[in-house]
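Here is what each chain is made of, one letter per residue.
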Amino acid sequence: LPTEIFQAYDVAFDGEVLWVTTAASRLYKLDPTDGHLLGTLPQSGGAYGLCFDGEHLWTSGGMIRKIDPRTGQCLKALETPDGITFSGIAYGEGSLWAMKAGVGGREPVYRIDPETGSVLARLRTPSTGGGWLYTLSYFNGGLWFPSSTADGAVKVYKISPADGSLRATLPGPADYCRGICTDLDGGLWLVGSSYYPNAYLVETGTWMREDPQSGTV
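Criteria and thresholds
- Residues numbered from 1 in each chain as written.
- Predicted model: local features only at pLDDT ≥ 70, side-chain atom pairs only at ≥ 80, totals over all residues.
- Heavy atoms only, no water.
- Helix = DSSP H or I, 4+ residues; strand = E, 2+ residues; numbered from the N terminus.
- Buried < 20%, exposed > 50% of the residue type's maximum accessible area, 1.4 Å probe, protein only.
- Contact = heavy atoms within 4.5 Å.
- Areas by Shrake-Rupley, 256 points an atom, 1.4 Å probe, with all protein chains shown as cover.
- Pairing = 2+ DSSP bridges.
- Salt bridge = Lys/Arg side-chain N within 4 Å of Asp/Glu carboxyl O.
- Axes fitted to C-alpha atoms, helices over the stretch in contact; angles between N-to-C directions.
- pLDDT = per-residue confidence, 0-100.
- Lys, Arg positive; Asp, Glu negative; His and termini not counted.
- Polar contact = N/O pair within 3.5 Å; in protein donor to acceptor, adjacent residues only side chain to side chain.

Caption draft 1: A look at the overall build of the protein chain. Looking only at helices and strands, the protein chain has 0 helices and 22 strands in total. Residues counted as buried form 53% of the 217 residues belonging to the protein chain. Here the contacts in the protein chain between residues at least 6 apart in sequence split such that 41% fall between residues at least 24 apart. Carbon and sulfur atoms make up 49% of the accessible area of the protein chain, which totals about 9500 Å².

Caption draft 2: Just the pairing of strand β10 (residues 95-99), in detail. Most of β10 is tucked away, with 5 of its 5 residues classed as buried. Going residue by residue along β10, you find S95, W97 and M99 tucked away on one face and L96 and A98 tucked away on the opposite face as well. Pairing between strand β9 (residues 88-92) and β10: 5 bridges, direction antiparallel. Note that in β10 the partner of G88 across the bridge is M99. Hairpin connection of β9 to β10: 2 residues between the antiparallel strands, including E93 at a positive phi of 55°. Examined bridge by bridge, β10 and strand β12 (residues 108-112) share 4 bridges and lie antiparallel to one another. Bridging from a neighbouring strand, L96 pairs with I112 of β12.

Caption draft 3: Up close: the pattern of salt bridges. A complete count under the given rule lists 3 salt bridges for this structure. In this structure, the salt-bridge partner of R70 is D68, at a minimum N-O distance of 3.0 Å. E93 is the partner of R111 in a salt bridge, and the nearest nitrogen-oxygen pair spans 3.8 Å. Taken together, the residues R111 in strand β12 and E93 in the loop between β9 and β10 connect sequence positions 18 residues apart.

Caption draft 4: Quick look at the sheet that holds strand β3 (residues 26-30). Strands sit in the order β1-β2-β3-β4 across an open sheet of 4 strands; the sheet is antiparallel. Taken across any chain shown, the strands that pair with only one partner, and hence form the sheet edges, are β1 (8-13) and β4 (37-42). Strand-to-strand twist across the sheet, computed as the mean angle between neighbouring axes with direction ignored, equals 25°. In terms of strand pairing, β1 meets strand β2 (residues 18-22) through 5 bridges, oriented antiparallel. If you follow D10 over to β2, its bridge partner there is T21.

Caption draft 5: Summary view of the pairing of strand β8 (residues 74-79). For strand β7 (residues 63-67) and β8, the ladder comprises 5 bridges, and the chain directions are antiparallel. Across the sheet, I67 pairs through a bridge with C74, a residue of β8. Following β7, the chain reverses through 6 residues before pairing antiparallel with β8; G72 in that reversal takes a positive phi of roughly 85°.

Caption draft 6: Main features of the confidence of the model for the protein chain. In this model, the protein chain carries an average pLDDT of 79, and 75% of its residues clear a pLDDT of 70 or more. Within the protein chain, the lowest mean pLDDT, 37, falls on strand β22 (residues 206-208), and the highest, 96, falls on β10.

Caption draft 7: Representation of the environment of Q43. Position of Q43 among the secondary structure elements: in the loop between β4 and β5 (49-52). Overall, the relative accessible area of 10% leaves Q43 in the buried class. Residues Q43 and L27, 16 residues apart in the sequence, show an inter-C-alpha distance of 6.7 Å. What Q43 contacts, discounting residues up to four positions off in sequence, is S25, R26, L27, T59, I67 and G72.

Caption draft 8: Local environment of the side chain of D31. As for its position among the elements, D31 is in the loop between β3 and β4. Despite its burial, D31 remains without a salt bridge, the nearest opposite charge being carried by K29 at 10 Å. Looking at D31, its side chain comes within polar contact range of the side chain of T33, at 2.5 Å. Aside from chain neighbours lying at most four places away, what touches D31 is H36 and L38.

Shown next, in the form of structure tokens:
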């Protein structure tokens, strides 16, 4: 899907709309059928990572914040462990999962208590062969993250939330991707980086991309 978003960081789906974080201090609300902008919410402090827990949005950066999606109000702010700036955040199994940007893999993923902010566990991602890591999503019993290499090639990895072991690898779209989330129909969504402002849908292991001009698959 073509979008009106420049320099997207991460994406979340709340059952009705797609939410996107960007370099601007706002949350963007998109129609998942055609990508057009439905509205924005102001954000204080900036945000990179984004996820939805079934009721609220969570953002990550220098802080982890729980956000009311109706008003944009911050309901809770948690300090990050060791002052880490988290580029990605996910919600699953009653916990938050957070990671920082890195290259090549073997980056730590933190399992965090959403009530207290305490670290419950640490995992390490598998090697990505030089690919950049930014964000992650909890989906279908695993943690998923896209990795983009210098030439723009994308792979999507699934790891175990128990020990970080590699469970699956899927080929991605032919250009850079940063954000990832799941929808209620069992599909994965990804958003492109600043130079590729598109949204992509992964369904049952197959990539589907709508033509920005015609909307055809």
